[in-house]
Each structure stands twice: as C-alpha cells, then as structure tokens.
Amino acid sequence: MTAARTTEDLKALAEQASEQLADATAEQALRWAVDQFGDDLIVASNMQDAVLIDLATKVKSDVDVLFLETGYHFAETLGTRDAVATVYPDIRIINASAEQTVAEQDAEYGPKLHDRDPNQCCFLRKVVPLRKTLANYSCWVTGVRRVDAPTRANTPIVTWDDRNGLVKVNPIAAWTDDEFNGYIDEHGILQNPLVGEGYLSIGCAPCTAKVAPGADPRSGRWAGKSKTECGLHA
Ligand code: SF4
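Residues numbered from 1 in each chain as written. Predicted model: local features only at pLDDT ≥ 70, side-chain atom pairs only at ≥ 80, totals over all residues. Heavy atoms only, no water.

Within an unreviewed UniProt entry, the label attached to the protein reads Adenosine 5'-phosphosulfate reductase, and the organism entered is Prauserella oleivorans. The UniProt entry for the protein carries the following comment under Pathway (unreviewed entry): "Sulfur metabolism; hydrogen sulfide biosynthesis; sulfite from sulfate." Under the UniProt heading Sequence similarities (unreviewed entry), the note attached to the protein is "Belongs to the PAPS reductase family. CysH subfamily." (UniProt positions renumbered as here; feature names shortened; annotations may be inferred.)

S.K.: Hey, could you run me through the overall build of the protein in this one?
M.R.: Of the regular secondary structure elements, the protein holds 8 helices and 6 strands. Walking the protein from its N terminus toward its C terminus, one meets helices and strands in the order α-α-β-α-β-α-β-α-α-α-β-β-β-α. Its C-alpha atoms give the protein a radius of gyration of 17 Å, within 12% of the compact-globule value 17 Å for 234 residues. Counting across all 234 residues of the protein, residues that qualify as buried make up 52%. Pairs at least 24 residues apart make up 68% of the contacts formed inside the protein by residues separated by at least 6 positions. Summing over all exposed atoms, the protein offers an accessible surface of approximately 11,100 Å²; the carbon and sulfur share of this is 50%. (Helix = DSSP H or I, 4+ residues; strand = E, 2+ residues; numbered from the N terminus. Rg over C-alpha atoms; globule rule 2.2 N^0.38 Å. Buried < 20%, exposed > 50% of the residue type's maximum accessible area, 1.4 Å probe, protein only. Contact = heavy atoms within 4.5 Å. Areas by Shrake-Rupley, 256 points an atom, 1.4 Å probe, with all protein chains shown as cover.)

S.K.: Got a minute to help me understand helix α2 (residues 26-37) in this structure?
M.R.: One turn of an α-helix holds 3.6 residues; hence residues three or four places apart share an orientation. The terminal C-alpha atoms of α2 lie 16 Å apart, and with 12 residues this matches the ideal 16 Å at 1.5 Å per residue to within 8%. When we look at burial in α2, the residues that qualify are A26, A29, L30, W32, A33, V34 and F37. Considering only its buried residues, α2 is in contact with α1 (7-20), β1 (41-44), α3 (51-59), β4 (139-141), β5 (158-161) and β6 (166-169). A positive backbone phi angle near 55 degrees is found at G38, which sits one or two residues after α2. (Expected span 1.5 Å × (residues − 1).)

S.K.: Any chance you could explain the UniProt feature "binding site: [4Fe-4S] cluster" (unreviewed entry) in the protein here in plain terms?
M.R.: What UniProt calls "binding site: [4Fe-4S] cluster" (unreviewed entry) maps, in this numbering, to C121, C122, C204 and C207. Over a stretch of 87 residues, the named residues converge on one spot in the fold, their C-alpha atoms separated by at most 10.9 Å. Within this annotated set, the largest cavity is lined by C121, C122, C204 and C207. Classification of C121 as buried rests on a relative accessible area of 7%. Apart from the residues within four sequence positions on either side, C121 is in contact with Y72, Q105, L113, H114 and K126. Looking at where C207 falls in the secondary structure, it is placed in the segment after α8 (177-187). (1 Å grid on protein atoms, 1.4 Å probe; cavity = no way out; pocket = protein on both sides within 12 Å on 5 of 7 lines; lining within 4 Å.)

S.K.: Just checking my understanding: could you explain empty space enclosed by the protein for this structure?
M.R.: If a probe the size of a water molecule is rolled over the atoms, the empty space left behind becomes visible. Summed over the entire model, instances satisfying the criterion amount to 1 cavity of 30 Å³ or more. When its volume is computed, the largest cavity comes out at roughly 100 Å³. Considering the residues around the largest cavity, the lining is formed by 14 residues, among which C121, C122, K126, C204 and C207 are closest to the centre. In terms of residue count, the dominant contributor to the lining of the largest cavity is helix α7 (residues 118-134) (5 residues). Residue composition of the lining of the largest cavity, grouped by class: 8 nonpolar, 3 polar and 3 charged. (Points joined across faces, edges and corners; volume = space filled by probe spheres on them. Nonpolar A, V, L, I, M, F, W, Y, C, P; charged D, E, K, R; others polar.)

S.K.: How should I be thinking about the layout of surface pockets in this particular structure?
M.R.: Approximately 940 Å³ is the volume attributed to the largest pocket. At the level of elements, α3, β2 (64-69), α7 and α8 are the ones that each hand at least two residues to the lining of the largest pocket. Here the lining of the largest pocket is composed, by residue class, of 18 nonpolar, 11 polar and 9 charged.

S.K.: Would you mind going over the side chain of T70 with me for this structure?
M.R.: Take T70: it is sitting in the loop between β2 and α4 (75-87). Residues within four places of T70 in sequence aside, it is in contact with V102, R125, K126 and C204.

S.K.: So what exactly am I meant to see when it comes to the environment of A135 here?
M.R.: Within the fold, A135 resides in the loop between α7 and β4. Residues A135 and L166, spaced 31 residues apart in sequence, show a C-alpha to C-alpha distance of 8.2 Å.

S.K.: Can you help me understand the UniProt feature "domain: Phosphoadenosine phosphosulphate reductase" (unreviewed entry) in the protein in this one?
M.R.: Mapped onto the present numbering, the UniProt feature "domain: Phosphoadenosine phosphosulphate reductase" (unreviewed entry) falls at residues 43-209. Between the first and last C-alpha atoms of residues 43-209 the distance is 26 Å; the span itself is 37% helix and 15% strand.

Printed below as a string of structure tokens:
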C-alpha cells in the first residue's frame, strides 16, 4: 500500500498527523495507522501485558507484533508471549534477536556485559535488532505512555522516528495508570504474572528488580546502573 511513498512523504504524513491526531483516542490513532499503512506496520510489545495488542487487534486482527528476544527474558515473559499467541491467534509475532547469542556475546565482550556496560548490551540486543526489524515497515506502534517517566512526558500520539526512519504511533500515550489498569480489568487482558509479584516495569531479568510499594514503577529497571532507558524510545 505504501511502497511508493518516499521517506519525505512519510515524514510529511507524520508531521501532519501529529497535529491532527494530537488528542486522538487510542482507537482513532490505531484506525488511522491501519488505514494508512495496512500490513506495513508493526506493534511492539515487551510482553508485560497485552493491552496494546488487544487494542490493535480490534482494528486489525492479523497485525504483526514485535518482541525483542534478547535472550535474557524471564520465563514468565516468554510464557506471556506464548499465551498472547494463543489468545490472539491471527497475529504474527516477530521475535527479533541479536546477531550473537548470549554465549557468543560473552565470548567476545566477557560475561555479564549488562552489569559492566548496559548501554552496549542494550545496543547489541535491543537497539540493533529493533532497527533491523523496523527497516521492513513504514510505521511502528508502541505502548509508551507519558506517565511512564519524565523523559516520556511529551510523547506525541503520532511522530516521525528520525533515528529509525519511519512513522511512530503511541496510541495510549495520554493514558493514566487508572485508565490503563481499568482497561485490563474491564477486558480481562493478559498480564505477565510477574506484575502481581511487584515487578511493575519488566525488561530483561538481569536488569529488572521488584519495585517497593509506592515507588516509581520504573525504578526497578537497571537499578544501581545509572541508566533509565534502553534506548528504544530516545
Ligand atoms: Fe542487556 Fe540488560 Fe539491556 Fe537486556 S536490559 S539488553 S540484559 S543491558
């Protein structure tokens, strides 16, 4: 559908939509994305929950879903991914992996690179696989919300992702925690069982800790490693 569109065309489209959809609902944003891009879009999920996937499949049941298979996930996260595939049988889950296995990375960089240089580890196991996968699409959809972190406070509904060179849609950017949790309760949405154990922001096992009651949900990510973002949404 969009094969003939140039990067400049896509960039102009994103800039125009950024204004037009500034106050769009999640459904309106997803409808716009599917109308514009059809099969040429992918929904990213870290398999903490299936909220975004549920919303997206209501608009396009066979949507592509991107999961960054870093090789460091909790078993519960992989289990959630597999459960999602069962609950939403029409979706196609793309497991994007790093070029090196964890063992190969250990051999080249030394063990536990995530402890010594988490930025390099995230670059190898998240940023590069993401970039390679997104190169096959004109639009990606994320579950980033403004309340996630101060660095995300100005997240637009639609924007141009200059680093990856495609349109980025954040349908639930404006959702509060109450709206998010209300959607889960109302629709019986799948959640990673670790959430119930106090892991309120789930990434790779070596870089994810439980969050103390009342603390910032993302405080459990890279705790003690002077890092707050994996670099996917910078
Ligand atoms: Fe490596 Fe940790 Fe980043 Fe996962 S979150 S890629 S283990 S540094």
